[in-house]
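Letter by letter, the chains look like this.
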Amino acid sequence: MPDITWEDLFCAESSNCFRIGTDPEGNAYIAVAGQEDTYLTDTREALATLIRDIKAGKADHLL
């Protein structure tokens, strides 16, 4: 497992919690809280784009 530094939990409605982390090589990670050993990884730029697009409503059709 990479050396990941996880941020504090991000929870919506106190039940859907996620964690975002980074490693020394500049990769970004996102995982369900408590399941950090199963994560999605990409570059920091890709994760930032994903977050911006979600905030802009580009994933609303998935709700």
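For the structure, check the block above.
Remember, it's a predicted structure, so these values are computed and weren't measured experimentally.

Parameters and conventions
- Residues numbered from 1 in each chain as written.
- Predicted model: local features only at pLDDT ≥ 70, side-chain atom pairs only at ≥ 80, totals over all residues.
- Heavy atoms only, no water.
- Helix = DSSP H or I, 4+ residues; strand = E, 2+ residues; numbered from the N terminus.
- Buried < 20%, exposed > 50% of the residue type's maximum accessible area, 1.4 Å probe, protein only.
- Contact = heavy atoms within 4.5 Å.
- Areas by Shrake-Rupley, 256 points an atom, 1.4 Å probe, with all protein chains shown as cover.
- 1 Å grid on protein atoms, 1.4 Å probe; cavity = no way out; pocket = protein on both sides within 12 Å on 5 of 7 lines; lining within 4 Å.
- Points joined across faces, edges and corners; volume = space filled by probe spheres on them.
- Salt bridge = Lys/Arg side-chain N within 4 Å of Asp/Glu carboxyl O.
- Phe/Tyr/Trp six-rings, centres within 6.5 Å; stacked < 30°, edge-to-face > 60°.
- Pairing = 2+ DSSP bridges.

Side note on the overall build of the protein
Phase 1 of the analysis: Of the regular secondary structure elements, the protein holds one helix and five strands.
Phase 2 of the analysis: The linear arrangement of helices and strands in the protein, starting from the amino end, is β-β-β-β-β-α.
Phase 3 of the analysis: By principal-axis analysis of the C-alpha atoms, the protein measures approximately 35 × 25 × 15 Å.
Phase 4 of the analysis: Burial analysis of the protein (63 residues in total) assigns 16% to the buried set.
Phase 5 of the analysis: For the protein, the share of sequence-separated contacts (at least 6 apart) that also reach a separation of at least 24 residues comes to 18%.
Phase 6 of the analysis: Accessible surface, the protein: about 4900 Å² in total, of which carbon and sulfur atoms supply 54%.

Section: the layout of surface pockets
Phase 1 of the analysis: Volume-wise, the largest pocket comes out at about 500 Å³.
Phase 2 of the analysis: What lines the largest pocket is a set of 15 residues, among which Phe10, Phe18, Ile30, Ile51 and Ile54 lie closest to the centre.

Things to note about the pattern of salt bridges
Phase 1 of the analysis: Across all of its chains, the model carries two salt bridges by this definition.
Phase 2 of the analysis: Its salt-bridge partner being Lys58, residue Asp53 comes within 3.5 Å of it at the nearest N-O pair.

Some thoughts on the packing of aromatic side chains
Phase 1 of the analysis: Evaluation of the coordinates by the stated rule reveals two aromatic pairs.
Phase 2 of the analysis: Pairing Trp6 with Tyr29 gives two aromatic rings, centres 6.4 Å apart and planes at 65°, and the pair type is edge-to-face. With a gap of 23 residues between them, Trp6 in strand S1 (residues 5-6) and Tyr29 in strand S4 (residues 27-32) connect regions that are remote in the sequence.
Phase 3 of the analysis: With a centroid separation of 5.0 Å and 85° between ring planes, the pair formed by Tyr29 and Tyr39 is classed as edge-to-face. On the criterion of sequence distance, the pair formed by Tyr29 in strand S4 and Tyr39 in strand S5 (residues 39-43) is long-range, its members being 10 residues apart.
Phase 4 of the analysis: Using a relative accessible area of 29% as the deciding quantity, one classes Tyr39 as partly exposed.

With respect to the pairing of S4
Phase 1 of the analysis: The pairing of strand S3 (residues 16-22) with S4 spans five bridges and is antiparallel. Paired with Arg19 across the bridge in S4 is Ala31.
Phase 2 of the analysis: Between S3 and S4, which follow one another and run antiparallel, lie four residues, and Gly26 among them has a positive phi close to 90°.
Phase 3 of the analysis: Both S4 and S5 contribute to a ladder of five bridges, which runs antiparallel.

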